[in-house]
Each structure stands twice: as C-alpha cells, then as structure tokens.
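# Geometric and topological summary
Now for the letters of each chain:
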Amino acid sequence: MTSFISAWLWSERFWLPENVSWADLERPPPGVEYPRLRHIFIALPLAVGVFLLRLLFERLVAKPCAHILQIQAGVPRRAQSNDVLERVYQSKACPDTRQLEGLSKQLDWDVRKIQRWFRVRRNQDRPSTQKKFCESMWRFTFYLGIFIYAIKHLWASPWMWDTRQCWHNYPFQPLSPGQYNYYVAELAFYWSLMFSQFTDVKRKDFFIMLVHHLATIMLITFSYANNMLRAGTLVMCVHDASDIFLEAAKLANYAKYQRLCDGLFVVFSISFFITRLVIYPFWIVHSVLIESWEIIGPYQAWWLLNGLLCVLQVLHIFWFYLVARIAIKAIFKGKVSKDDRSDIESSSDEDSRSKTPSQTLTPKDNNHTGNLNGDTHDH
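Below is a summary of the structure that appears in this document. (Residues numbered from 1 in each chain as written. Predicted model: local features only at pLDDT ≥ 70, side-chain atom pairs only at ≥ 80, totals over all residues. Heavy atoms only, no water.)

## Notes on helix α5 (residues 43–68)
Structurally, the α-helix is built with 3.6 residues per turn, so residues lying three or four positions apart point the same way. Compared with the 38 Å implied by 1.5 Å per residue over 26 residues, the 35 Å span of α5 between its first and last C-alpha is a close match. The set of residues buried in α5 consists of Ala43, Ala47, Val50, Phe51, Arg54, Phe57, Glu58, Ala62 and Ala66. Looking at the buried positions of α5, the neighbouring elements they touch are α4 (37–40), α9 (129–155) and α11 (177–196). Just downstream of α5, Gln70 is the residue with a positive phi angle, here 60 degrees. (Helix = DSSP H or I, 4+ residues; strand = E, 2+ residues; numbered from the N terminus. Expected span 1.5 Å × (residues − 1). Buried < 20%, exposed > 50% of the residue type's maximum accessible area, 1.4 Å probe, protein only. Contact = heavy atoms within 4.5 Å.)

Okay, structure coming up:
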C-alpha cells in the first residue's frame, strides 16, 4: 500500500514533462547537481534552529530595542476572581446569550457586568504591545535579510532579466548553491512559523494562516522536487519584497510614530501593487503560463502549478483592495485605521455593543480592513 501511494504521489507522468523520468534527474553530468527531494529535508531540523534563533533574537535584540523606544510589556488589568466564570471561560471565552443569561441568574449579576468580566479576562490572556513588537521585528529582520540575499543571487542570474531562461533545457538545469540556500532558508522559516503559530499572538484567522503555511511549504517542496527553482526563486523574492515595509510600518505603529507608520504603510501599498499586481502577473505568471508552454509544452503538474499561481493572483487583487482602503485613509485622514483584528477590546467597544440585548451578545464584525496592530499574512 505504501509503495502504491508513493508511486501515485510521485508519478513521473504527473510531475515531469514527457520523456523525462526521476532517474534522469538522479544521474546528472559530472560536476553538475540536480535538486533531489532528500536534500530539502534538512529544512526540518533547521526550522528548529530558526525557531530557537528567533527566541534569542527577541530576547537579546528586539526586547532591548523595545525598551529604548519605551514600549513596555505592561501589566493587564486582572479580572475579579470568580470560580464559576473561570470554569465557563476555560471552555468558552465568548459565551452566548443563553449562557450569559444563565450566569446572570446564578450569580445575581447583570448581563453587562458578566460581559465586562469576560472582556477583562480575555484581555488578561492577550499579549502586550512589546511582545507584538518583538514578533514583528523578527519578521522584519528575516524578510529584509532574505530579500537582500535573493537579490544578490538573482541579480547575476540570466533568468531574472530574461524569464525564458527559466525553461531552456528544463528540467535539466543545474542547482546552484545560491538557489539551494535560498530554498532551504525559506522552507525552514515557514516550518518555524508552523511551530510558532501555536505560541505567537493568536489571531482570528489562525486556521486560515495554518492552511496558508502548509500550502506554502507544499509549493516550495514540490517546486524544488521537480526543479522549477528558477521560477520559484522569482516568486519568493517578489512576495518577500513588500512584507519588509509592512513589518516596518507595524514596528512604527507599536512605537507610536504615527506619521512614520502612515508613510511606511503607503510605501508598502505601492510596493505591494508593483510587485504583486504588475511584476508577478505580467512577468512571472506570464513566463510560467506562456513562455513555458512555448518552450517545454504543458504537462499535468504544469496545469496544477499554473492554477495555483492564478489563484494566488486573485488573492493579491482582493488583498490589495483591503490594503488600498487603509492607505487611502492614511493619506486623506492622516492616520492608519485601527486593526479590526486587534487583540485588545476596549470598554467603549464593549459598551457600545451592550445598548440592546441583541447588540450585547453580537461579536464585533471581523472584516479584515486594517491590520497594523495585528499580523497581515498576505504571502
């Protein structure tokens, strides 16, 4: 059964062009190395190293920077001790109408007081601005470093300036150390995000991002296995570029440099548009869709990869719509809007939802229009 599943999963007719086999890639000419799937497995232990490096970075670099910028950890207000409400909270942090009314009768508290208790209790478990600053500083440092490395490698690569070079003699294209290091670093980083997803600041889109990280890991792994590295490095580089400015804007926001935050977010919006709505579709997707068809012709995995790239482009358009709304507010109103996914609930938000029984028990809409106090994952 295992061999059948393996043969089905790694079918040569699916992943490789006609008349090419995995055995062909296992026997490169002297002095030439082709990608082999087992090479990329080193990313798993490296991911643990990346995760530990991140912990050291946040403790030894990011936290001192936060202190210099006077970003304090802060001590959240603690909820009044109540065993009954605590038991309910451990099973459901946001009780529904029926539960609130039952608790009101049981404790002889009004619904609004119970709702306020749950709000304070939720905020008690949520991370401080300092913790979010440290997380963003780590991502900013990684994106900046990996982008500089990618540009240094790609600048001397002929396929950066002539994308048709991505498909000449495909898949028999030699693996360079720069390509290998770039792929391993990106894959290890995303595996580390899988680990840290469960310890980082929790967001409302936790499961969406979990799926996103899994999909990214699969795409990086599969593109390495069938030696689509030239196009793959271009895709990763384009996606890392704008994230630098997003994380920088969030750092400025946490440090309360509002004008800098607004300016960086506008720069992020412009870079997002150029890289993901201009370069990505008209340069990279065009190459994978049109130029590869002309040079090597379509095969089964070709349809899958192009489909995924086109779906990603649809997501780029949707994300840019959300980003543009915030950028326009930053330009014309002078301030980036508050994150609708922000972790901290304010008393005014809670009270405004408490004016009527139905409003009291309705959670705030999560329309993802802002996202500097939280994480934007738009890869």
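Here the narrative resumes.
## A short note on helix α7 (residues 97–107)
Those residues of α7 that fall on the buried side of the exposure criterion are Leu100, Leu103, Ser104 and Leu107. Across the axial projection of α7, the buried residues extend over an arc of 105 degrees, all falling on one side. Opposite the buried face of α7, at more than 90 degrees from it, the exposed residues are Arg98, Lys105 and Gln106. Positive backbone phi, at 60 degrees, marks Asp108, one or two positions downstream of α7. (Arc of directions from axis to C-beta.)

## Let's talk about the packing of aromatic side chains
Scanning all chains against the criterion turns up 20 aromatic pairs. Ring geometry for Trp167 versus Tyr170: centroids 5.9 Å apart, planes at 70 degrees, classification edge-to-face. Tyr170 carries the same exposure label as Trp167, and that label is buried. Connected via pairs of aromatic rings, a cluster forms that spans Phe265, Phe268, Phe272, Phe273 and Phe320. The ring centre of Trp109 lies 4.3 Å from the NZ or CZ of Lys113, which sits over that ring. (Phe/Tyr/Trp six-rings, centres within 6.5 Å; stacked < 30°, edge-to-face > 60°. Lys NZ or Arg CZ within 6 Å of the ring centre and 35° of its normal.)

## Some thoughts on a nonpolar patch on the surface
On the surface, a nonpolar cluster with roughly 480 Å² of combined accessible area is contributed by Ile270, Phe273, Ile274, Val278 and Phe282. Assessed through its relative accessible area of 40%, Ile274 is described here as partly exposed. (Patch = residues over 30% accessible without salt bridge, like charges linked within 9 Å, V, L, I, M, F, W, Y side chains within 5 Å. Areas by Shrake-Rupley, 256 points an atom, 1.4 Å probe, with all protein chains shown as cover. Salt bridge = Lys/Arg side-chain N within 4 Å of Asp/Glu carboxyl O.)

## A few points about unusual backbone geometry
Residue Tyr170 is joined to Pro171 through a cis peptide bond whose omega torsion reads 5 degrees. Mapped onto the fold, Pro171 is located in the loop between α10 (158–161) and α11. Look at Asn227: it is not a glycine, yet its phi comes out positive at around 60 degrees. Along the chain, Asn227 turns up in the loop between α12 (206–225) and α13 (229–254).

## Describing the environment of Trp117
On the secondary structure map, Trp117 appears in helix α8 (residues 111–125). For the pair Trp117 and Arg78, spaced 39 residues apart in sequence, the C-alpha to C-alpha distance is 9.4 Å. If near-sequence neighbours (up to four positions away) are discounted, Trp117 is found in contact with Ala79, Gln80, Asn82, Leu85, Glu86, Tyr89 and Trp109.

## Considerations on the environment of Leu251
Structurally, Leu251 can be placed in helix α13. Classification of Leu251 as buried rests on a relative accessible area of 14%. Spatially, the C-alpha atoms of Leu251 and Lys132 are 8.8 Å apart, while their sequence positions differ by 119 residues. Beyond its immediate sequence surroundings of up to four residues, Leu251 is in contact with Phe133, Ser136, Met137 and Phe140.

## Regarding the packing of α9 against α13
Packed helix pairs are specified by the crossing angle of their axes together with the interaxial distance, meaning the distance between the axes. Across the interface, α9 lies against α13 with an axial gap of 8 Å and an inter-helix angle of 150 degrees. Seen along the crossing, α9 lies across α13 with a hand that is left-handed. (Axes fitted to C-alpha atoms, helices over the stretch in contact; angles between N-to-C directions. Left-handed = near helix turned anticlockwise from the far one by under 90°.)

## Topic: the pattern of salt bridges
Applying the stated criterion to the full structure yields eleven salt bridges. A salt bridge links Arg36 to Glu26; its shortest N-O distance comes to 3.7 Å. Of this pair, Arg36 sits in the loop between α3 (22–26) and α4 while Glu26 sits in helix α3, and the two are ten residues apart along the sequence. Taking relative accessible area as the criterion, Glu26 reaches 37% and is therefore assigned partly exposed. The closest approach of N and O atoms between Arg276 and Asp243, which form a salt bridge, is 3.4 Å. Placement of the pair is Arg276 in helix α14 (residues 258–295) and Asp243 in helix α13, with a sequence separation of 33 residues. For the residue pair Arg276 and Asp243, the accessibility class agrees, reading buried in each case. Through salt bridges with shared partners, one network takes in Glu26, Glu33, Arg36 and Arg38.

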